[in-house]
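Spelled out from the first residue to the last, the chains are:
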Amino acid sequence: MADLRPVGRFAPTPSGRMHLGNVFAALIAWLSVRSRDGEMVLRMEDLDTQRTSGEYARILRDDLAWLGLDYDRETPPQSRRTAAYDGYFEKLSQMGLLYPCYCTRSQLHSVNAPHLSDGTYVYPGTCRDLTDAQRRAFDRAPAWRVMVPDKVWTVEDRVQGTYTCNLATDCGDMVVRRADGVYVYQLAVTVDDGEAGVTEVVRGMDLLSSAPRQMYLQELFSFPHPEYAHVPMLLSPHGRRLSKRDKDLDLGVLRQRILPETLIGTLAFASGLIDQNVPISAKELAKEFSWDKLKGDSIYLDASAL
Ligand code: GLU
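Nothing here was measured: the structure is a model prediction, and the numbers come from that model. (Residues numbered from 1 in each chain as written. Predicted model: local features only at pLDDT ≥ 70, side-chain atom pairs only at ≥ 80, totals over all residues. Heavy atoms only, no water.)

### Considering the site of the ligand
Quick note on the threshold: We call a residue near a molecule or strand when any one of its heavy atoms sits within 4 Å of it. In these tables, accessible area is a Shrake-Rupley quantity obtained with a 1.4 Å probe, and a residue counts as shielded only by the protein chains included in the view. Residue polarity is assigned by list, with Asp, Glu, Lys and Arg as charged and Ala, Val, Leu, Ile, Met, Phe, Trp, Tyr, Cys and Pro as nonpolar; anything else, Gly included, falls into the polar class.
Around the ligand sit Arg 9, Ala 11, Pro 12, Thr 13, Glu 45, Tyr 185, Val 189, Arg 203 and Leu 207, and that is every residue in its neighbourhood. A total of 290 Å² of accessible area belongs to the ligand in isolation, and the protein chains cover 78% of it. Class assignment for the residues of the shell around the ligand results in five nonpolar, one polar and three charged.

### Observations regarding unusual backbone geometry
Under the convention used in this document: Strands are runs of DSSP state E lasting at least 2 residues, helices are runs of H or I lasting at least 4, and numbering of each runs from the N terminus. Note on exposure labels: buried denotes an accessible area under 20% of the residue type's maximum, exposed denotes more than 50%, and partly exposed covers the range between, all computed with a 1.4 Å probe on protein chains only.
Here the phi dihedral of Asp 37 falls at roughly 60 degrees; this positive angle occurs in a residue that is not glycine. Structurally, Asp 37 can be placed in the loop between α1 (20–34) and β2 (39–43). Backbone geometry at Ser 222 places phi at a positive 60 degrees, although glycine is not the residue there. Under the relative-accessibility criterion, Ser 222 is labelled exposed at 64%.

### Some details on the sheet that holds strand β3 (residues 73–75)
For clarity, the cut-off: Two strands are said to pair when DSSP picks up at least two bridges between them. Lines fitted to C-alpha atoms define the axes, with helix axes restricted to the stretch in contact, and inter-axis angles between N-to-C directions lie between 0 and 180 degrees.
Strand order in the open sheet formed by three strands is β1-β2-β3, with parallel pairing between adjacent strands. Each having just a single partner strand, β1 (7–10) and β3 make up the two edges of the open sheet. Strand after strand, the sheet turns through a mean of 35 degrees between neighbouring axes, direction not considered. Across three bridges, β2 lies against β3 in parallel orientation. Bridged to Val 41 within β3 is Arg 73.

Given below as structure tokens:
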């Protein structure tokens, strides 16, 4: 694996301006690939067409250029990939792993408390064994679930270390297509990363619990597992998570105030990549990037200086 030319990706959701956490994850993804002469792919994750827009996608590309984070190719946005996802859905169907689920959101939430850190509810298998007659009695379109095996998945994460999850007990059978026909993130991301030949997935820590679900689908679709690196969330000096809600820290505001080198220097210093908080370009930083320098636990960022 290590001898292959790495292929990394940016997979932003064009639903708003990038905030500091997005910038940080994108920076590390880019550094990992560019420091080893690898290839970078951009993909817009716009499955949620209500919340995303072509205008935000355009701004995102412009923000990446401003940061100096270039890429070699852009693959089609997820909103235009339905035909490809249909093909993989069909594969799952032929494997006999899919079944329709008629549960409503409130039914699902009443039986169980969220289990995985991302708020996933463990699905108890309510609709798994419905008869055809019972299915026909529901007068509405179903979501589709893939059955998951009772097996422990191990993610050897470059930053977080070993993470394990048994999908059967931690998540239950997974929805792959919603009742409105829209494919879910887990399926789309697996297909897109697999078809693009992505060898490493670098993203925020909040998606660590998604990795085993994606590894399961990778196996079903015969894609190799990429390497995973889930970078820590950024915290304020008081320990509060910096998020999208911190409007004064999104790039729309920051770009008016500071240079990209100042922002990158601040992030690089806070995360242990450089010893002093000095301005530095992404390109310069790539020359000295090493995963060993990156802090694995919480990263405190004093954003008041930005
Ligand atoms: N589209 C997701 C986001 O913007 C990232 C998904 C991923 O990296 O797998 O948070």
